[in-house]
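Notes for the structure review
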Amino acid sequence: MVRYSDVIWIAGPDGNIQHLAEHRVTPEEAEQVIADPIQATRSRSSGRPMAIGYTAAGRKLVVVYERVDAMTIYPITAYEV
C-alpha cells in the first residue's frame with residue numbers, strides 16, 4: 001500500500017475538516033487510518049480512492065481522498081463503518 005507523508009487539511013465552512021466533523025471524525029482519526037489502512041479500494045459513487053482501517057480508539061473508518069501527488073493526499077470525507 002502507498003504511504004503518504006503529507007495530508008492537506010483546510011479549515012472553514014467549506015473545508016475538509018468541517019466535512020469530517022459532520023461525520024464525527026477528527027483529522028487525527030483520519031490520519032491514523034490513512035497511515036495504517038487494513039484495506040485500500042475505490043468509492044463506488046465517486047471512483048476516488050478509499051482507505052479503510054481502525055483508529056487508535058478502535059473505530060473502523062472509511063476515508064475517501066484525492067491523491068494530489070505521489071506523497072500528498074487531500075481527504076474528502078470520512079465516516080464510521
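It should be noted that the structure appears before, not after, this text.
Counting restarts for each chain, with residues numbered from 1 along the sequence as it is written. Owing to the predicted nature of the model, reporting of local features is limited to residues with pLDDT of at least 70; listing and counting of side-chain atom pairs is limited to 80 or more, with chain, interface and lining totals taken over all residues. For the side-chain quantities, the full set of heavy atoms in the structure was used; hydrogens and water were omitted.

1. Describing the nonpolar core
Residues belong to one nonpolar core when they are buried, are Ala, Val, Leu, Ile, Met, Phe, Trp, Tyr or Cys, and are joined through side-chain atoms within 4.5 Å. With a 1.4 Å probe rolled over the protein chains alone, any residue whose accessible area is under 20% of its type maximum counts as buried; one over 50% counts as exposed, and the rest are partly exposed. Ranked by size, the top nonpolar core spans 12 residues in total: Y4, L20, V25, A30, V33, I34, A51, L61, V63, Y65, I73 and A78. When residues of this core are traced back to their parent elements, those giving at least two are helix 2 (27-35), strand 4 (60-69) and strand 5 (72-80). Ignoring sequence-local partners within four residues, the contact set of A30 consists of W9, L20, V25 and V63. The way it works is that DSSP assigns letters per residue, a run of H or I at least four long becomes a helix, a run of E at least two long becomes a strand, and they are numbered from the N terminus. Residues are treated as being in contact if the distance between any of their heavy atoms lies within 4.5 Å.

2. Let's talk about the pattern of salt bridges
Salt-bridge detection follows one rule: a side-chain nitrogen of Lys or Arg within 4 Å of a carboxyl oxygen of Asp or Glu. Applying the stated rule across the entire model yields three salt bridges. In this structure, E66 and R48 form a salt bridge, with 2.9 Å as the shortest nitrogen-oxygen distance. Here E66 is found in strand 4, whereas its partner R48 is found in the loop between strand 2 (39-42) and strand 3 (49-54), with 18 residues between them in sequence. The exposure class assigned to R48 is partly exposed, which follows from its relative accessible area of 29%. Linking R59 and E80 is a salt bridge whose minimum nitrogen-to-oxygen distance equals 3.1 Å. Of the two residues, R59 sits in the loop between strand 3 and strand 4 while E80 sits in strand 5, which places them 21 residues apart along the sequence. A relative accessible area of 45% places E80 in the partly exposed class.

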